[in-house]
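# Notes for the structure review
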Amino acid sequence: KIKQIILENTSIQLEGIEVPNFNGDILLDSSGRFSNASLATHDKSLTINIERPSNKYEIVIKAQNWRSPMPPNLIFSELNTNGTIENNTLTLSPIKGALYEGDLKANLIIDLAAVWAVRGDFEVSGINLTDMALELKLNSAIDGTLNTNANFTFNINRSTNVIENSTVNGHFKIKNGFIRKVDLIEAMRSNNLGGSTHFTEFSGDFLLSDQSYQFRNLALQDNQLQATGTFNISPQKTVAGDIYSKILLKSNPIKSRLIISGTVDNLTLKK
């Protein structure tokens with residue numbers, strides 16, 4: 001009879017996801033059924049403990065200074081959750097964490113069928129977008145402090161280990177930051193988009209569906225500048241935006257409609 005399985009420097013190969021090697025210890029009961037397991041990365045940044053006291057599995061996950069293997073590979077200074085596997089369903093709730101000076105609260109449910117169906121929601125507050133972009137080496141379009149809440153769904157194709165049919169639907173609010181590549185005040189004067197736009201608050205709704213991005217109910221406020229509009233990015237990285245901007249002057253407010261097109265790397269403007 002096998003009572004214990006020891007894993008050393010174990011690797012899992014997933015398409016497009018780099019999972020770090022880990023060590024583990026799996027115990028079986030006298031009848032050969034799973035009893036409990038302890039898994040950990042080499043640096044102990046992530047530990048997973050699983051027990052089976054009855055017909056369900058109970059899971060405890062703890063992480064510290066841990067980089068997620070899924071893009072965009074965020075680093076969590078802290079992450080903790082408890083969960084269960086019961087009736088072929090994995091539930092992790094609540095998930096609590098800290099990253100880039102902000103906090104995370106989330107819930108996750110995975111239907112462990114032939115195609116893993118994943119759904120959940122999250123709320124983050126106080127994320128420093130500048131620090132996050134620098135650490136991830138991203139060419140970020142926006143700086144500031146991010147608060148957002150959203151729900152999400154996607155499938156994991158077990159035959160190919162590829163994420164499919166992903167959607168994220170939510171609301172965001174960013175305070176005290178800059179929008180890069182677009183100077184709304186200069187754009188109102190000329191057809192030049194170059195520069196940046198400072199804001200005290202920038203908010204809106206978003207829908208991310210596979211490789212397309214839709215932003216609705218956009219609202220920007222900064223001293224005398226106000227702007228509203230919509231913005232879309234296609235899977236081919238083409239852009240379509242419609243922005244209404246206004247400079248609040250006591251004598252005569254300046255209003256303008258800006259139509260933005262082109263690509264993410266080469267925006268064009270038409271009034």
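Structural data are supplied above this passage.
Overview of the structure.

Rules used throughout
Residues numbered from 1 in each chain as written. Predicted model: local features only at pLDDT ≥ 70, side-chain atom pairs only at ≥ 80, totals over all residues. Heavy atoms only, no water. Core = buried A, V, L, I, M, F, W, Y, C linked by side-chain atoms within 4.5 Å. Buried < 20%, exposed > 50% of the residue type's maximum accessible area, 1.4 Å probe, protein only. Helix = DSSP H or I, 4+ residues; strand = E, 2+ residues; numbered from the N terminus. Contact = heavy atoms within 4.5 Å. Polar contact = N/O pair within 3.5 Å; in protein donor to acceptor, adjacent residues only side chain to side chain. Pairing = 2+ DSSP bridges.

## Looking at the nonpolar core
Ile127 and Phe202 are the most contacted members of the largest nonpolar core, which totals 53 residues. Considering each element in turn, this core owes the most residues, five residues, to strand S14 (residues 142-157). When near neighbours in sequence (up to four residues on either side) are disregarded, Phe202 contacts Ile142, Phe172, Lys173, Ile174, Ile179, Leu218, Ala219 and Leu220.

## Side note on the environment of Ser68
Topologically, Ser68 is positioned in the loop between strand S8 (66-67) and strand S9 (75-76). Note: C-alpha distance between Ser68 and Glu18 (50 residues apart in sequence) is 9.2 Å. In contact with Ser68, other than residues within four places in its own chain, are Asn73, Leu74 and Phe76. Of the polar contacts made by the side chain of Ser68, one reaches the backbone nitrogen of Met70; its length is 3.2 Å.

## Some details on the pairing of strand S21 (residues 266-270)
Bridging between strand S20 (residues 254-263) and S21 involves five bridges; their strand directions are antiparallel. Paired with Ile260 across the strands is Leu269, a residue of S21. Here S20 folds back onto S21, and the loop between the two strands holds two residues.

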